[in-house]
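What follows is the residue order along each chain.
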Amino acid sequence: MLGPAVAAVLLLSGCGSDPTAGPAAAPVGVQPDQDVLGQVRKDDAAAALLPAEVRAAGAVKLGGAIGTPPGAYYPDPAQHRPVGLDVDIVDGVAKVLGLTVQREDAAFETILPALGSGKYDVGTGNFGVTEARLKTVDFVTYIDDGQGFAVREDNTALTGVTELTQLCGLTVGTGAGTTFEATLNAKKEVCAQAGRKPYEVKAFSENGAVTTGLQQGRLDVVMSTINGLRYQAAQPGSRVRFLGEYHRLDVGFAFKKGSPLAPAFQAAVNRLIQDGSYRKILAKWGTTDSAITESRINPPEHP
């Protein structure tokens, strides 16, 4: 949910940027134009797991959140064509299942509720698998990411966050509707219990607002995805320092509870893992340490 500070890198996130601006330079550590799905073919066994009406229609409706690299972002906001790890995984699964994906870009916090209403068949947005979400949403996992923290590069007061009491008295920025916001709000009492001033949580729907708040000193620290923060800190001129991992989470496709699509999507992810395409996707986006060995449906939250 955090975007780097400089304008050229902000364009990579698709947030807080000028929609008429031209394409940004290729980010460090990835090859956005690399074709890693050219060898993927339809798998009849996986496709047979789809409901008959979906096979007949040949399409699914997807609500996808656009955030920051490496998940999903606009390299050229004027073209409005997303790229990223999530996008490649979706495209790979679609090829395995012989489907067309009717994608609609959507605000992160609106996607999970829209699954229940039938607006979307599936959602993506680096959705972490949590016990709270499993009560209302089904997941098919495809990477292992999670929660981390970052500060401005010149902030030397924090060297890492392993306990939330280290945030006491600070202002923490994060994305609205995320596991980060839920974690921070659920554990606010830890500072009072320690006899210290509580931390303040500020949640934003726009990644650019988090970025601006950090760089202008209105936020002391940000909480977001491990992959996203590590990636951003590696970009020249970002002025962001990654503080490390806080809590790992499985990440998956999201479906309404009881969706018959889940087994087919699980089989498709596992097919990508077996044929080597999955590893190529993660290598392309610099996220090989988030690889899973097998997709699962509704695994328990990481302890």
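Each value, and the rule that gives it
- Residues numbered from 1 in each chain as written.
- Predicted model: local features only at pLDDT ≥ 70, side-chain atom pairs only at ≥ 80, totals over all residues.
- Heavy atoms only, no water.
- UniProt positions renumbered as here; feature names shortened; annotations may be inferred.
- Disulfide = S-S within 2.5 Å.
- Helix = DSSP H or I, 4+ residues; strand = E, 2+ residues; numbered from the N terminus.
- Buried < 20%, exposed > 50% of the residue type's maximum accessible area, 1.4 Å probe, protein only.
- 1 Å grid on protein atoms, 1.4 Å probe; cavity = no way out; pocket = protein on both sides within 12 Å on 5 of 7 lines; lining within 4 Å.
- Points joined across faces, edges and corners; volume = space filled by probe spheres on them.
- Nonpolar A, V, L, I, M, F, W, Y, C, P; charged D, E, K, R; others polar.
- Domains from an automatic or database assignment.
- Pairing = 2+ DSSP bridges.
- Contact = heavy atoms within 4.5 Å.
- Buried area = accessible area lost by both parts, 1.4 Å probe.
- Salt bridge = Lys/Arg side-chain N within 4 Å of Asp/Glu carboxyl O.
- Polar contact = N/O pair within 3.5 Å; in protein donor to acceptor, adjacent residues only side chain to side chain.

By the naming in an unreviewed UniProt entry, the protein chain is ABC transporter substrate-binding protein, taken from Kitasatospora griseola. The Sequence similarities (unreviewed entry) comment attached to the protein chain in UniProt states, word for word, "Belongs to the bacterial solute-binding protein 3 family." UniProt, in its Subcellular location (unreviewed entry) section for the protein chain, records the words "Cell envelope".

Q: Honestly, the state of the cysteines in this entry has me stumped. Any pointers?
A: As used in these notes, a disulfide is a covalent bond between sulfur atoms, one from each of two cysteines. Inspection of the entire model under this criterion finds 1 disulfide. Covalent S-S linkage joins Cys168 and Cys191, the inter-sulfur distance amounting to 2.1 Å. Taking the torsion about the S-S bond as the criterion, the Cys168 to Cys191 disulfide, at about -100°, is left-handed. Here the residue Cys168 occupies a position in the loop between strand S4 (137-152) and strand S5 (171-175), and Cys191 occupies one in helix H8 (residues 189-193), the gap between them amounting to 23 residues. Exposure class is identical for Cys168 and Cys191. Each is buried.

Q: I'm lost on empty space enclosed by the protein in this one. Help?
A: It is a probe the size of a water molecule, rolled over the atoms, that shows where empty space is left. Following the criterion strictly, the structure yields 2 cavities of 30 Å³ or more and no others. Size it by volume and the largest cavity reaches roughly 90 Å³. The wall of the largest cavity is formed by 14 residues, among which Asn126, Gly128, Thr179, Phe180 and Thr225 lie closest to the centre. Going through the elements one at a time, helix H7 (179-186) and strand S8 (240-256) are the ones with two or more residues in the lining of the largest cavity.

Q: Explanation requested: the layout of surface pockets in the structure shown.
A: Empty space within the second largest pocket amounts to approximately 220 Å³. Of all elements in the fold, only helix H6 (131-134), H7 and S8 reach the threshold of two or more residues within the lining of the second largest pocket. By residue class, the composition of the lining of the second largest pocket is 4 nonpolar, 7 polar and 3 charged. Mapped onto the domain boundaries, the lining of the second largest pocket takes at least three residues apiece from domain 1 (44-145 + 249-290) and domain 2 (147-247).

Q: What's the story with the environment of Thr162 in this structure? I'm lost.
A: Relative to the elements of secondary structure, Thr162 occurs in the loop between S4 and S5. Taking relative accessible area as the criterion, Thr162 reaches 59% and is therefore assigned exposed. Counting along the chain gives 86 residues from Thr162 to Asp76, while the straight-line C-alpha distance between them is 37 Å.

Q: Would you take a moment to explain the pairing of S8 for this structure?
A: Across a regular strand the side chains alternate sides, sitting on one face of the sheet and then on the other. Across the 17 residues of S8, 12 count as buried, placing the element largely inside the fold. Judged from the 15 bridges that link them, S4 and S8 form a sheet pairing that is antiparallel. Within S8, the residue paired with Gln147 across the bridge is His247.

Q: How do you make sense of the side chain of Thr124 when you look at a structure like this?
A: Take Thr124: it is sitting in strand S3 (residues 122-124). For Thr124, a relative accessible area of 1% puts it in the buried group.

Q: In this structure, what is going on with the domain arrangement of the protein chain? I would like to understand it.
A: Note on interface size: it is often stated as the accessible area lost on association of the parts. One can read the domain layout of the protein chain as domain 1 (44-145 + 249-290) and domain 2 (147-247). The gap between the C-alpha centroids of domain 1 and domain 2 is 27 Å. The interface is formed by 17 residues belonging to domain 1 together with 15 residues belonging to domain 2. For the domain 1 and domain 2 pair, buried surface summed over both sides reaches about 1,200 Å², with 51% attributable to carbon and sulfur atoms. Together, Glu109, Asp145 and Leu249 form the three largest contributors to the area buried by domain 1 at its contact with domain 2, with a combined 39%. Asp289 is the partner of Arg230 in a salt bridge, and the nearest nitrogen-oxygen pair spans 3.3 Å. The tally of links from domain 1 across to domain 2 stands at 7 residue pairs in polar contact (both at pLDDT 80 or more). Counting only elements with at least two residues in the side of domain 1 that touches domain 2, the list comes to helix H5 (108-117) and S4. Here the side of domain 1 that touches domain 2 is composed, by residue class, of 6 nonpolar, 7 polar and 4 charged.

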